[in-house]
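What follows is each chain in one-letter form.
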Amino acid sequence: MPLVTSTDMFARAYEGGYAIGAFNVNNMEIVQGITEAAKEEKAPLILQVSAGARKYASHTYLMKLVEAALEDTNLPICLHLDHGDTFELCKSCIDGGFTSVMIDGSHLPFQENIQLTKRVCDYAHAHGVVVEGELGRLAGIEDAVNVSEEDAAFTKPEEVEEFVQKTGVDSLAIAIGTSHGAFKFKGKPRLRFDILEEVQKKLPGFPIVLHGASSVIPEYVDMINKFGGSMPGAQGVPEEMLRKAASMAVCKINIDSDLRLAMTATIRKYHAENPSHFDPRQYLGPARAAIKELVRNKLIHVLGCNGKA
Ligand code: G3H
Ligand code: 13P
Ligand code: ZN
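Residues numbered from 1 in each chain as written. Chains lettered and ligands numbered in written order. Predicted model: local features only at pLDDT ≥ 70, side-chain atom pairs only at ≥ 80, totals over all residues. Heavy atoms only, no water.

**Quick word on the coordination of the zinc ion (ligand 3)**
Then step 1. For the zinc ion (ligand 3), the full set of protein donor atoms is His 83 (NE2), His 180 (NE2) and His 211 (ND1), at a range of 2.1 Å.
Then step 2. Read from N- to C-terminus, the donor residues coordinating the zinc ion (ligand 3) fall into the pattern H-x96-H-x30-H. With His 180 in the loop between strand 8 (171-174) and helix 8 (193-202) and His 211 in the loop between strand 9 (208-210) and helix 9 (218-226), the pair connects residues that are 31 residues apart, well separated along the chain. (Donors = N, O, S within 2.8 Å, 3.2 Å for Na, K, Ca; no water. Helix = DSSP H or I, 4+ residues; strand = E, 2+ residues; numbered from the N terminus.)

And the structure:
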C-alpha cells in the first residue's frame, strides 16, 4: 500500500471517538518497533519526522525505512513532517514524498502565522499533501527553540475559525497545557479541557492535534534512575486525560518522549546487567522490543485505534 494522507484516518477517528498515534522516528529500530506493534494491532499510523531527525538520519534513509515498513505491514501509514518552521522545509518534504506536513507558525503574530500557513497549504494541496497548523504555544523545548513556561500561551478559541478559514489548514494543533519533553507539570497535571471544548464548538467535525502527549511512564523513569540516570520530577500526561481528549475532537496524539525513555531505560538496564557486552544488536534488540510493547499499549489502551486499519 502506498503512503496515505491523514484525511480519511481523521474523519474516521473523529466519528469513532478515538485518535491516531503520531510517533516520532529517527532510526530503524524505532520504525520497526512502532510498525510491528501497529501491524499486530491493525492500527492506522502516522510516522513523523522532526527537522532534527531528518538532519540526523537524512531524508533518503528515512524514506527507505518507511517504504520498508509499508511493504512489511501493508498498513495505511501517513508520513508527516513534525514542527516544520519554514516554507522551504515543508516544500522539501512535500517534494520528497511526505504526505503530510506541519507548519508551526505558533511563535509568530496571528496574521503572520496565517500568511505562512496559507502559503504552505496552497503548495501542499496542489501536490495532494495535507497540512497541520498550530495556534497557541506549548511550554517546553521544541527542537532548537526553547519556549519558556512563562511564554506559553493557551490557544484562544476566538481565533480558531478565522485561522482555519483563511489558511485552509487540514488539522490544528492547540495548546491546552501539555508541553514537550519529560518534565511537563510541576504539580498536579492539569489540562484545559474547557478550551478544547470551546474549540470543538467553533470547529465542529474538525480534527485537532495534541502535542506533548507522552505519559512519561514511571516504570521507565524508575529504570533510568535505577541504572545510573537521574530524572527527578519527570512527569507526563496521565493516560486517562489522553483518552478523554481522544473521545473529543483530538484525532492525532503526538508521542516522542515515551519512545526515547523506553529505549534509553532498556539500554541502560542492559549495560548495567551485561557490562562486558558490546554488540549493538544485543542492546538495540531489547530496546526495539520495549518500543513495540509501549506502542501496543498506547494503541489499545490510550488511543483506541487498534483494529481500525
Ligand atoms: O516536538 C518535538 C519532538 O519531540 C521532536 O524532537 O526536534 O528533538 O527531534 P526533536
Ligand atoms: P512528547 O515530548 O510529549 O513526546 O511530545 C512529542 C511531540 O509533541 C512531537 O511533536
Ligand atoms: Zn510537538
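Picking up after the structure, the text goes on.
**Some thoughts on the environment of Asn 225**
Then step 1. Checked against the element boundaries, Asn 225 lands in helix 9.
Then step 2. Under the relative-accessibility criterion, Asn 225 is labelled partly exposed at 33%.
Then step 3. On a C-alpha basis, the gap between Asn 225 and Ala 265 in space is 8.6 Å, while along the polypeptide they are 40 residues apart.
Then step 4. Setting aside chain neighbours within four positions, we find Asn 225 in contact with Ser 230 and Met 231. (Buried < 20%, exposed > 50% of the residue type's maximum accessible area, 1.4 Å probe, protein only. Contact = heavy atoms within 4.5 Å.)

**What about unusual backbone geometry?**
Then step 1. Its identity as a non-glycine residue notwithstanding, Asn 74 has a phi of 55°, on the positive side.
Then step 2. The backbone phi angle of His 83 is positive, close to 55°, even though this residue is not glycine.
Then step 3. When you line up the elements, His 83 lands in strand 3 (residues 77-84).
Then step 4. By relative accessible area, which is 15% here, His 83 ends up buried.

**So, the site of ligand 2**
Then step 1. Close to ligand 2 lie 15 residues; Asp 82, Lys 184, Ser 214, Asp 256 and Ser 257 are nearest.
Then step 2. Residue Gly 181 places a main-chain N or O atom 2.8 Å away from an oxygen atom belonging to ligand 2.
Then step 3. Residue Gly 212 places a main-chain N or O atom 2.8 Å away from an oxygen atom belonging to ligand 2.
Then step 4. With the chains in place, 96% of the 300 Å² that ligand 2 exposes on its own is no longer accessible.
Then step 5. Elements supplying a minimum of two residues to the shell around ligand 2: strand 3 and strand 10 (250-255).
Then step 6. Among the residues forming the shell around ligand 2, the class breakdown is two nonpolar, 10 polar and three charged. (Near = heavy atom within 4 Å. Polar contact = N/O pair within 3.5 Å; in protein donor to acceptor, adjacent residues only side chain to side chain. Areas by Shrake-Rupley, 256 points an atom, 1.4 Å probe, with all protein chains shown as cover. Nonpolar A, V, L, I, M, F, W, Y, C, P; charged D, E, K, R; others polar.)

**Some words on the pattern of salt bridges**
Where charged atoms of side chains with opposite charge meet at close range, the side chains can pair.
Then step 1. Under the counting rule described, the total for this entry stands at 18 salt bridges.
Then step 2. Lys 201 is the salt-bridge partner of Glu 198, the closest N and O atoms lying 3.6 Å from each other. Placement of both Glu 198 and Lys 201 in helix 8 is noted, with a separation of three residues, approximately one turn of the helix.
Then step 3. For the salt bridge of Glu 293 with Arg 296, the shortest nitrogen-to-oxygen distance reads 3.2 Å. Of this pair, Glu 293 and Arg 296 are both found in helix 12 (residues 280-303), three residues apart, which corresponds to roughly one turn of the helix.
Then step 4. We classify Arg 296 as buried; its relative accessible area is 16%.
Then step 5. Ionic contacts of the salt-bridge type, sharing partners, join the residues Glu 36, Glu 40, Glu 41, Lys 292, Glu 293 and Arg 296 into one network. (Salt bridge = Lys/Arg side-chain N within 4 Å of Asp/Glu carboxyl O.)

Geometry only, nothing functional implied.
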